[in-house]
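Chain by chain, the residues run as shown.
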Amino acid sequence: MAGFDLVSFIGTRRAKIVSLISAPILGFLSLFLPVLLLTGVEYEKEYLVSSLVRYTYEGLIPVPTVILLLAAGALLGFLSLRLWWLLGPLTMLVFPVVELIDMMIWPTSHNLWPFEFIIYGLFCIPGFVGAFIGSRIARRMKKSS
């Protein structure tokens, strides 16, 4: 069975758009699903997005999160061979964006923001490694067929 190439299936421009949109979504779900399934979610209804991201980050469960980020990166790298180097780090895009918005709205709420961004950077690594592995698997499957 040959590897599935998203570019040949839906075209170059659409494949890039689908990949670039799905990477942050898969990254957020990689962090959110372990928290949701293992602990449940409580959030403030008036700040839905911000409180969900904060609750996900504060209730982080590292092992399943890293495994899901690796799997998400591998899937993205497998489906989009050319953008693997960008898609891995994009898995964590939601978190710094929401933190920046929070800092603009409530400037004194994130006193330790440099450490938060370092942690987000560290959580980019599993997505990056997974995307690299997925792209290599897809290239080998493409060569063998």
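An account of the accompanying structure is given in this report. This one's a predicted model, so the numbers in the text were calculated from it and none came from an experiment.

1. Thoughts on the nonpolar core
Here is step 1 of the chain: Judged by nonpolar contacts, the single largest core of 13 residues is most densely connected at Phe-28, Leu-31, Val-53, Leu-69, Met-92, Phe-95 and Tyr-120.
Here is step 2 of the chain: At the level of elements, helix H2 (12-38), helix H3 (48-58), helix H6 (94-105) and helix H7 (113-144) are the ones that each hand at least two residues to this core.
Here is step 3 of the chain: Leaving out residues up to four positions away in the same chain, Phe-95 has contacts with Phe-28, Leu-31, Val-53, Thr-56 and Tyr-120.
Here is step 4 of the chain: Among the nonpolar cores identified, the runner-up in size contains 5 residues, and Ala-23, Leu-76, Leu-87 and Leu-90 belong to it.

2. Section: the packing of H2 against helix H4 (residues 62-79)
Here is step 1 of the chain: For the pair H2 and H4, interaxial distance at closest approach is 9 Å and the crossing angle is 155°. Regarding the angle of H2 to H4, the classification is roughly antiparallel. For the crossing formed where H2 meets H4, the hand is right-handed. For the pair H2 and H4, contact is made by Ser-19, Ser-22, Ala-23, Leu-26, Gly-27, Ser-30, Leu-31, Pro-34 and Leu-38 and by Pro-64, Thr-65, Leu-68, Leu-69, Ala-72, Leu-75 and Leu-76, respectively.
Here is step 2 of the chain: Tallied by class, the residues present in the contact of H2 with H4 amount to 11 nonpolar, 5 polar and no charged.

3. Considering the packing of H6 against H7
Here is step 1 of the chain: Running from amino to carboxyl end, H6 crosses H7 at an angle of 165°, the nearest separation of the two axes being 10 Å. Judged by the inter-axis angle, H6 sits roughly antiparallel to H7. Regarding H6 and H7, the two cross each other, and that crossing is left-handed. Contacts between H6 and H7 involve Phe-95, Pro-96, Glu-99, Leu-100 and Met-103 from the first element and Trp-113, Glu-116, Phe-117 and Tyr-120 from the second.

4. Quick notes on a positive patch on the surface
Here is step 1 of the chain: A surface patch of positive charge is lined by Arg-13, Lys-16, Arg-82, Arg-136, Arg-139, Arg-140 and Lys-143.
Here is step 2 of the chain: Of all the secondary structure elements, the ones that give two or more residues to the positive patch are H2 and H7.
Here is step 3 of the chain: The element contributing the most residues to the positive patch is H7, with 4 residues.
Here is step 4 of the chain: Inspection of the secondary structure assignment puts Arg-82 in the loop between H4 and helix H5 (84-90).

Definitions and limits used
- Residues numbered from 1 in each chain as written.
- Predicted model: local features only at pLDDT ≥ 70, side-chain atom pairs only at ≥ 80, totals over all residues.
- Heavy atoms only, no water.
- Core = buried A, V, L, I, M, F, W, Y, C linked by side-chain atoms within 4.5 Å.
- Buried < 20%, exposed > 50% of the residue type's maximum accessible area, 1.4 Å probe, protein only.
- Helix = DSSP H or I, 4+ residues; strand = E, 2+ residues; numbered from the N terminus.
- Contact = heavy atoms within 4.5 Å.
- Axes fitted to C-alpha atoms, helices over the stretch in contact; angles between N-to-C directions.
- Parallel < 35°, antiparallel > 145°, perpendicular 65-115°, else oblique.
- Left-handed = near helix turned anticlockwise from the far one by under 90°.
- Nonpolar A, V, L, I, M, F, W, Y, C, P; charged D, E, K, R; others polar.
- Patch = residues over 30% accessible without salt bridge, like charges linked within 9 Å, V, L, I, M, F, W, Y side chains within 5 Å.
- Areas by Shrake-Rupley, 256 points an atom, 1.4 Å probe, with all protein chains shown as cover.
- Salt bridge = Lys/Arg side-chain N within 4 Å of Asp/Glu carboxyl O.
- Lys, Arg positive; Asp, Glu negative; His and termini not counted.
- Charge placed at Lys NZ, Arg CZ, Asp CG, Glu CD.

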